[in-house]
Amino acid sequence: MAPAAITLAAEAPKLSAANTGFMLICSALVMLMTPGLAFFYGGMVRVKSTLNMLMMSFISLGIVTILWVLYGFSMAFGTDKGSLIGWDGDFVGLSGIGLTQLWDGYTVPVYVFAVFQLMFAIITPALISGALADRVKFTAWALFITLWATIVYFPVAHWVWGTGGWAFDLGVIDFAGGTAVHINAGAAALGVILVIGKRVGFKKDPMRPHSLPWTMLGAGLLWFGWFGFNAGSWLGNDDGVGALMFVNTQVATAAAMLAWLIYEKLRHGAFTSLGAASGAVAGLVAITPSGGAISPLGAIAVGAIAGVLCAMAVGLKYKFGYDDSLDVVGVHLVGGIAGSLLIGFFATGGGQSDVQGLFYGGGLTQFWKQCAGVGGVLAYSLVVSALLAFLIDKTMGMRVAEDDEVAGIDQVEHAETAYDFTGAGGGSMARTATPATPAAQTAQNTKKVDA
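Residues numbered from 1 in each chain as written. Predicted model: local features only at pLDDT ≥ 70, side-chain atom pairs only at ≥ 80, totals over all residues. Heavy atoms only, no water.

For the chain, the count of helices and strands is 18 helices and 2 strands. Relative to the globule expectation of 22 Å for 451 residues, the C-alpha radius of gyration of the chain, 25 Å, shows essentially globular dimensions. C-alpha atoms of the chain, sized along the principal axes, occupy 105 × 50 × 45 Å. Residue burial in the chain is summarised as follows: out of 451 residues, 52% are buried. By element, 67% of the accessible surface of the chain is carried by carbon and sulfur atoms, the whole surface being about 18,800 Å². Within the chain, the 26 negative side-chain charges are centred at a point lying 13 Å from the centre of the 21 positive side-chain charges. (Helix = DSSP H or I, 4+ residues; strand = E, 2+ residues; numbered from the N terminus. Rg over C-alpha atoms; globule rule 2.2 N^0.38 Å. Buried < 20%, exposed > 50% of the residue type's maximum accessible area, 1.4 Å probe, protein only. Areas by Shrake-Rupley, 256 points an atom, 1.4 Å probe, with all protein chains shown as cover. Lys, Arg positive; Asp, Glu negative; His and termini not counted. Charge placed at Lys NZ, Arg CZ, Asp CG, Glu CD.)

Right, here's the structure in full:
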């Protein structure tokens, strides 16, 4: 018989090329979601704010990547310190990690886990930007991302997913980011807009989307990338849970889109493309925390409930007077809350864990745990985000000048416009390229006189 030490060594996880390759693909899919989000948001704003909306997402790719390498990964997934934060010197600068060093208990390298989680860290502050369209200084936004990621996202990620985090130890289920990503971003968006105020002309001027095809394209890219976001969060394909999450992602998204469209047809009399795109995103948000714990039938229920709730919630900004430009609160906060709490009802015990919800004989125990996770993240993000916005606003100023907002933030902040119409029609270029004959020139001059 082999010695016990040798037996244990043989049973230790080994690097899986298949799982590693799968996770690298999933990481790329999640990265694509941030440009997808930029298109989704960019199509929903007016022409004069298009580039700014794109840049508010793209800048997160730069800032958060550097922060994550320097200290973010260590804060989120390092050794627990008091159930609130992590820290590991080997993770600082990603400098003490071996090429084949495995993430504890899994078959993928630490580098792969780190880059996968990086993509989550990037898109979360980018989600907030949709609530602030048209009115925030780009430098102030860049500073806000830096501070918010450090003070809010990295600690919250540790609470929810880090070994020793209080929500993790409590047993809060968040498969891929209902609390850490969507409730976190939605609450932050609400906190910031309560500080910086409304857009000029809110509830008075028309602020219609300038390009719904852009928005539909962005929604499609988000839907595509979300399979990596959700299925990849199991870090492998060895037991079928990732496959369950993949299926539930598609099912819930479809149900939410249909539910949103039915609601708006009954409520407003039309099936809109904006409703289809928003409903799909609402379903993606709701299934993110719950998809590993529920069945496909449960995914239909979660998606449908979230679709209706989010469709109802987007109108609350007009009732209560907060200017959530692109409905980040209505979709991400409400959708994240719905998906997280519904685990307490629809968890089957046959997915990622043996936890069962109320409808499967488990009582309300898990529901109350979900409430604790939702409430803790929501309150922390709301208060700290509002405080950060207040401090930035009182120091360097958070908003552009009113005249600049009316003129267009693209030109003021980026010295560019999304569309150049100076060459529209092509006629002037053709006349310049081919000199007119004397007879043609005479005819042209005659037409000008007649005109």
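Do not read the predicted coordinates in detail wherever pLDDT is low. In this model, the chain carries a mean pLDDT of 92, and residues with pLDDT of at least 70 account for 91%. Note that residues 1-10 has pLDDT below 50 and, in this model, 1 contact with residues that lie over four places away or in other chains. Here residues 426-451 scores under 50 on pLDDT; set against residues more than four positions off or in separate chains, the count is 2 contacts. (pLDDT = per-residue confidence, 0-100. Contact = heavy atoms within 4.5 Å.)

Let us look at a nonpolar patch on the surface. Taken together, the side chains of Leu358, Phe359, Tyr360, Leu364 and Trp368 present a nonpolar region at the surface, about 510 Å² in accessible area. Its location among the elements puts Leu364 in the loop between helix H13 (328-346) and helix H14 (365-395). On the basis of relative accessible area, Leu364 is assigned to the partly exposed category, the value being 33%. (Patch = residues over 30% accessible without salt bridge, like charges linked within 9 Å, V, L, I, M, F, W, Y side chains within 5 Å. Salt bridge = Lys/Arg side-chain N within 4 Å of Asp/Glu carboxyl O.)

As a further point, take the packing of helix H2 (residues 17-44) against helix H4 (residues 110-128). Running from N to C, H2 and H4 point in directions that differ by 10°, and their axes come no closer than 9 Å. By the angle between their axes, H2 is roughly parallel relative to H4. Residues Thr20, Met23, Leu24, Cys26, Ser27, Val30, Met31, Met33, Thr34, Leu37 and Tyr41 of H2 touch H4, and the partners they reach there are Val112, Val115, Phe116, Met119, Phe120, Ile122, Ile123, Ala126 and Leu127. Looking at the contact of H2 with H4, its residues break down into 17 nonpolar, 3 polar and no charged. (Axes fitted to C-alpha atoms, helices over the stretch in contact; angles between N-to-C directions. Parallel < 35°, antiparallel > 145°, perpendicular 65-115°, else oblique. Nonpolar A, V, L, I, M, F, W, Y, C, P; charged D, E, K, R; others polar.)

A word on helix H11 (residues 296-313). For an α-helix, the turn length of 3.6 residues means that residues three or four places apart are oriented alike. The end-to-end C-alpha distance of H11 is 25 Å, a good match for the 26 Å that 18 residues give at a rise of 1.5 Å each. Among the residues of H11, those classed as buried are Gly298, Ala299, Val302, Gly303, Ala306, Gly307, Cys310, Ala311 and Ala313. Where H11 is buried, its residues touch helix H9 (241-268), helix H10 (273-290), helix H12 (316-320) and H13. (Expected span 1.5 Å × (residues − 1).)

Here the focus is the packing of aromatic side chains. Counted according to the given criterion, the structure contains 31 aromatic pairs. Measuring from centroid to centroid gives 6.5 Å for Trp148 and Tyr153, while their planes differ by 35°, and the two rings are tilted. As far as burial versus exposure is concerned, Trp148 and Tyr153 are alike and both buried. Stacked on the ring of Phe271, the Lys or Arg Lys265 has its end atom at 5.4 Å from the ring centre. (Phe/Tyr/Trp six-rings, centres within 6.5 Å; stacked < 30°, edge-to-face > 60°. Lys NZ or Arg CZ within 6 Å of the ring centre and 35° of its normal.)

Another point: the pattern of salt bridges. The full count for this structure, using the stated rule, is 5 salt bridges. When the shortest N-O distance is used, the salt bridge between Arg199 and Asp323 registers 2.8 Å. Placement of the pair is Arg199 in the loop between helix H7 (178-196) and helix H8 (212-231) and Asp323 in the loop between H12 and H13, with a sequence separation of 124 residues. By relative accessible area, which is 1% here, Asp323 ends up buried. Close ionic contact of Asp327 with Lys317 constitutes a salt bridge, the shortest N to O distance being 2.9 Å. Of this pair, Asp327 sits in the loop between H12 and H13 while Lys317 sits in helix H12, and the two are 10 residues apart along the sequence. For the pair Asp327 and Lys317, a shared accessibility class is recorded, and that class is buried. Residues participating in the shared-partner salt-bridge network are Arg46, Asp134, Arg199 and Asp323.

The next subject is the packing of H13 against H14. As a packed pair, H13 and H14 sit with axes 7 Å apart at the nearest point and diverge in direction by 160°. Here H14 runs roughly antiparallel to H13, going by the angle between their axes. The element H13 and its partner H14 pack so that their crossing is right-handed. On the side of H13, the interface is formed by Leu333, Ile337, Ser340, Leu341, Ile343, Gly344 and Phe345, while H14 contributes Gln366, Phe367, Gln370, Cys371, Val374 and Leu378. In terms of residue class, the contact of H13 with H14 is made up of 9 nonpolar, 4 polar and no charged. (Left-handed = near helix turned anticlockwise from the far one by under 90°.)

The next subject is the environment of Arg399. Tracing the backbone shows Arg399 in the loop between H14 and helix H15 (402-407). Taking the relative accessible area as the measure of exposure, Arg399 reaches 21% and is therefore partly exposed. Along the backbone, Arg399 and Gly197 are 202 residues apart, and their C-alpha atoms lie at a distance of 9.2 Å. If we skip the residues at most four places from it in the chain, Arg399 touches Arg135, Val136, Lys137, Ile196, Gly197, Lys198, Arg199, Val200, Asp393 and Glu405.

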